[in-house]
Amino acid sequence: MGGPRWRGLVGGGRRSWWRAGPPRRVRPDPEPAGLPVVHAAAAYGNAVRAVLLAHKERGALGLSRAAGRALAGAVRSGAGKDPDPRPLLLVPVPSARRAVAARGHDPGRRIALAAAAELRRAGIPARVAGVLRQRRPVADQSGLGARERLANLTGALGVVPGGARLLAAGRVVLVDDLLTTGASLTEAARALRRAGDRGAAGVRHAAVVAASPSAFEINRNWN
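Cut-offs applied
- Residues numbered from 1 in each chain as written.
- Predicted model: local features only at pLDDT ≥ 70, side-chain atom pairs only at ≥ 80, totals over all residues.
- Heavy atoms only, no water.
- 1 Å grid on protein atoms, 1.4 Å probe; cavity = no way out; pocket = protein on both sides within 12 Å on 5 of 7 lines; lining within 4 Å.
- Points joined across faces, edges and corners; volume = space filled by probe spheres on them.
- Helix = DSSP H or I, 4+ residues; strand = E, 2+ residues; numbered from the N terminus.
- Nonpolar A, V, L, I, M, F, W, Y, C, P; charged D, E, K, R; others polar.
- Axes fitted to C-alpha atoms, helices over the stretch in contact; angles between N-to-C directions.
- Left-handed = near helix turned anticlockwise from the far one by under 90°.
- Contact = heavy atoms within 4.5 Å.
- Parallel < 35°, antiparallel > 145°, perpendicular 65-115°, else oblique.
- Pairing = 2+ DSSP bridges.
- Buried < 20%, exposed > 50% of the residue type's maximum accessible area, 1.4 Å probe, protein only.
- Salt bridge = Lys/Arg side-chain N within 4 Å of Asp/Glu carboxyl O.

Focus: the layout of surface pockets
For step 1, the next point in the chain: As a volume, the second largest pocket reaches approximately 230 Å³.
For step 2, the next point in the chain: Considering the residues around the second largest pocket, the lining is formed by twelve residues, among which Pro94, Ser95, Asp106, Leu132 and Arg133 are closest to the centre.
For step 3, the next point in the chain: For the lining of the second largest pocket, the element with the most residues is strand β5 (residues 132–134), which contributes three residues.
For step 4, the next point in the chain: Of the residues contributing to the lining of the second largest pocket, the split by class is five nonpolar, three polar and four charged.

So, the packing of helix α3 (residues 64–77) against helix α5 (residues 107–121)
For step 1, the next point in the chain: Where α3 contacts α5, the two axes come as close as 7 Å, and the packing angle between them is 65°. Seen from above, α3 lies across α5 with right-handed handedness. Between α3 and α5, the residues in contact are Ser64, Arg65, Ala67, Gly68, Arg69, Leu71, Ala72, Val75 and Arg76 and Arg110, Ile111, Ala112, Ala114, Ala115, Glu118, Leu119 and Arg121, respectively.
For step 2, the next point in the chain: A breakdown of the residues in the contact of α3 with α5 according to their chemical character gives nine nonpolar, two polar and six charged.

Things to note about the packing of helix α2 (residues 46–57) against α5
For step 1, the next point in the chain: Relative to each other, α2 and α5 sit at 115°, their axes nearing to 9 Å. Classified by the interaxial angle, the pair formed by α2 and α5 is roughly perpendicular. Between α2 and α5 lies a crossing whose hand is right-handed. Of α5, the residues touching α2 (which contributes Leu52, His55 and Lys56) are Pro107, Arg110 and Ile111.
For step 2, the next point in the chain: Tallied by class, residues from the contact of α2 with α5 come to three nonpolar, one polar and two charged.

Brief notes about the sheet that holds strand β7 (residues 171–179)
For step 1, the next point in the chain: Sheet architecture is open: six strands sit in the order β1-β2-β8-β7-β3-β4, paired in mixed fashion. Edge strands, defined here as strands with exactly one partner in the open sheet, are β1 (24–26) and β4 (126–128). This sheet shows a mean twist of 35° between the axes of neighbouring strands, independent of strand direction.
For step 2, the next point in the chain: Strands in contact with α2 are β2 (37–43), β7 and β8 (205–211); relative to β8, the strand with the most contacts, it is inclined by about 105°.
For step 3, the next point in the chain: Along the sheet, helix α8 (residues 183–194) makes contact with β2, β7 and β8, crossing β7 at roughly 155°.

Notes on unusual backbone geometry
Among all residues save glycine, negative phi is the norm, and among peptide bonds the norm is trans.
For step 1, the next point in the chain: Cis geometry marks the peptide bond from Asp29 to Pro30; its omega dihedral reads 5°.
For step 2, the next point in the chain: Residue position: Pro30 is located in the loop between β1 and β2.
For step 3, the next point in the chain: The backbone of Asn46 shows a phi angle near 50°, a positive value even though the residue is not glycine.
For step 4, the next point in the chain: Mapped onto the secondary structure, Asn46 falls in helix α2.
For step 5, the next point in the chain: Accessibility expressed as a relative area gives 74% for Asn46, which makes it exposed.

So, the pattern of salt bridges
Between side chains of opposite charge, a pair can form as their charged atoms come close.
For step 1, the next point in the chain: All chains considered together, the criterion is met by five salt bridges.
For step 2, the next point in the chain: Across the pair Glu118 and Arg121 runs a salt bridge, and its minimum N-O distance is 3.0 Å. One end of the pair is Glu118 and the other is Arg121, both in helix α5 and three residues apart, which spans about a single turn.
For step 3, the next point in the chain: On the accessibility criterion, Glu118 (11% relative accessible area) is buried.
For step 4, the next point in the chain: Among the salt bridges present, the one from Glu187 reaches Arg194, with a minimum N-O distance of 3.0 Å.
For step 5, the next point in the chain: Given the relative accessible area of 1%, Glu187 is considered buried.

This is how it looks when you write it as structure tokens:
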């Protein structure tokens, strides 16, 4: 788990496995209504894809720190520029319970915890607020198009009791490992807004480790 087999993926420098340059704003095409502003550290492909799949599906848990470092950079590029002095609250998009049980861990939460630790080491107050849960089963997203994914996820997430109160204490940043169509982040943002708390209702930022290359191309002239 995270042994020598995977160390080459993160060797050769802190950014060797993700895209050169700073994290960038990304957006899918089509862009779902209600999607927060998203920043990503990497284009999804080659070594980045290998790292995320190894961590998520093959139990290479040692890769969470490298992925968390990348995610922290994406958080700083977006919400980190906000003058609001409150701490950052990283809210991971939840995995299905059956997926967590099958994998033996929750990869999104693990990467979020690593990102929060990286931010704190940089002097930025941050913690993970795991307030989202699946309210109903959803179909496997593989093979679904953008509209089908959004329909599949709409209404699927909710905030745990007391979660909205916790979110009022900081600046909410939705986090995930990967952006493809934006359906997961859009539904997560809607769930937070439905919670009715001012802090949750104002969710404006999201960050991911990686996004599809086309999402970077759409925003190639943006910061």
